[in-house]
Amino acid sequence: MGRTVHAIEVAEDLIHVVVAVLLAVLGLALIVDTVHHIAIVLAGPYDLPVIVLAVLEETLLLFIVAELLHTVAIALHHRGALDPEPFLVIGLVAGIRRVLVLTAESEQSFRWNAQGIELLILMTLILVMAVTALVWRRSLTLAAGQPR
């Protein structure tokens with residue numbers, strides 16, 4: 001039984017390492033693509049909203065990949081124990097990224113079309129994830145006996 005558990009742990013670590021390498025390669029490719037994309041946007045006609053949207057969209061995507069890589073590193077360091085907080089951060093960043101894209105692409109007036117409903121759902125999701133992260137962090141401090 002001990003050998004089986006050890007083999008499963010080794011396989012799990014191997015999978016985490018492969019995922020970490022793939023995320024690192026993806027991150028490097030995204031850095032190159034981000035620099036290239038931003039250079040193209042900056043070389044075009046000066047349109048501040050387009051420039052800001054491009055930079056935010058690309059850098060937030062890089063941040064998501066970095067957070068995923070950090071989460072895998074934690075899993076490797078703690079032998080598979082995952083902390084839900086990095087996943088909440090990833091979800092928050094992804095939600096905020098989509099809200100920024102939606103609001104930048106929308107028109108000046110707000111209407112309850114598909115984009116308006118998506119925006120409402122995203123804002124609710126962001127609020128729920130933020131409250132969950134706050135409750136999670138608070139429960140950890142209370143469990144450790146350290147009031148905040």
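Located above this text is the structure these notes cover.
Analysis parameters
Residues numbered from 1 in each chain as written. Predicted model: local features only at pLDDT ≥ 70, side-chain atom pairs only at ≥ 80, totals over all residues. Heavy atoms only, no water. Helix = DSSP H or I, 4+ residues; strand = E, 2+ residues; numbered from the N terminus. Rg over C-alpha atoms; globule rule 2.2 N^0.38 Å. Buried < 20%, exposed > 50% of the residue type's maximum accessible area, 1.4 Å probe, protein only. Polar contact = N/O pair within 3.5 Å; in protein donor to acceptor, adjacent residues only side chain to side chain. Contact = heavy atoms within 4.5 Å. Axes fitted to C-alpha atoms, helices over the stretch in contact; angles between N-to-C directions. Parallel < 35°, antiparallel > 145°, perpendicular 65-115°, else oblique. Expected span 1.5 Å × (residues − 1). Core = buried A, V, L, I, M, F, W, Y, C linked by side-chain atoms within 4.5 Å.

**Quick look at the overall build of the protein chain**
Thought 1: Check the secondary structure of the protein chain and you find four helices and zero strands.
Thought 2: Listed by position from the N terminus, the elements making up the protein chain come as α-α-α-α.
Thought 3: Its C-alpha atoms give the protein chain a radius of gyration of 20 Å, clearly above 15 Å, the size a compact globule of 148 residues would have.
Thought 4: Each of the three principal axes of the protein chain carries a C-alpha extent, and together these read 65 × 40 × 30 Å.
Thought 5: In the protein chain, buried positions account for 26% of the 148 residues.

**Observations regarding the side chain of T71**
Thought 1: One can find T71 in helix α2 (residues 48-77).
Thought 2: Within the local environment of T71, its side chain forms a polar contact with the backbone oxygen of E67, the two atoms lying 2.8 Å apart.
Thought 3: When neighbours within four sequence positions are excluded, T71 is seen to be in contact with L82, P86, F87 and I90.

**Regarding the environment of A24**
Thought 1: When you line up the elements, A24 lands in helix α1 (residues 2-43).
Thought 2: Judged by relative accessible area, A24 falls into the partly exposed class, the value being 32%.

**Here we look at the packing of α2 against helix α3 (residues 84-105)**
Thought 1: Remark: α2 packs on α3, axes separated minimally by 9 Å, with the N-to-C direction vectors making an angle of 170 degrees. Taken together, the axes of α2 and α3 are roughly antiparallel relative to one another. Residues L53, L56, E57, L60, L61, F63, I64, E67, L68, T71 and I74 of α2 lie in contact with α3, whose contacting residues are P86, F87, V89, I90, V93, A94, R97, L100, V101 and A104.

**Considering the side chain of D13**
Thought 1: Topologically, D13 is positioned in helix α1.
Thought 2: Here D13 falls in the buried class, since its relative accessible area comes to 16%.
Thought 3: Setting aside chain neighbours within four positions, we find D13 in contact with L76 and R79.

**Quick notes on α1**
Thought 1: For α1, spanning 42 residues, the distance from its first C-alpha to its last is 61 Å, which sits close to the expected 62 Å at 1.5 Å a residue.
Thought 2: For α1, every residue scored as buried is listed here: D13, H16, A20, L23, G27, L30, T34, I38 and V41.
Thought 3: Structurally, α1 contributes buried residues whose contacts are with α2.

**Side note on the nonpolar core**
Thought 1: Listed in full, the nine residues of the largest apolar core are L88, L92, V99, L102, L119, L122, I126, M129 and A133.
Thought 2: Looking at this core, the elements that each hand over two or more residues are α3 and α4 (114-143).
Thought 3: In terms of residue count, the dominant contributor to this core is α4 (five residues).
Thought 4: Setting aside residues no more than four positions away along its own chain, L92 makes contact with I126, M129 and A130.
Thought 5: If you look at the next biggest cluster of nonpolar residues, it comprises five residues, including A20, L23, L30 and V65.

**Topic: α2**
Thought 1: Between its first and last C-alpha atoms α2 spans 43 Å; for 30 residues at 1.5 Å apiece the expected length is 44 Å, and the two agree.
Thought 2: Of the surrounding secondary structure, the elements contacted by the buried residues of α2 are α1 and α3.
Thought 3: Just beyond α2, the residue with positive phi is R79, at close to 55 degrees.

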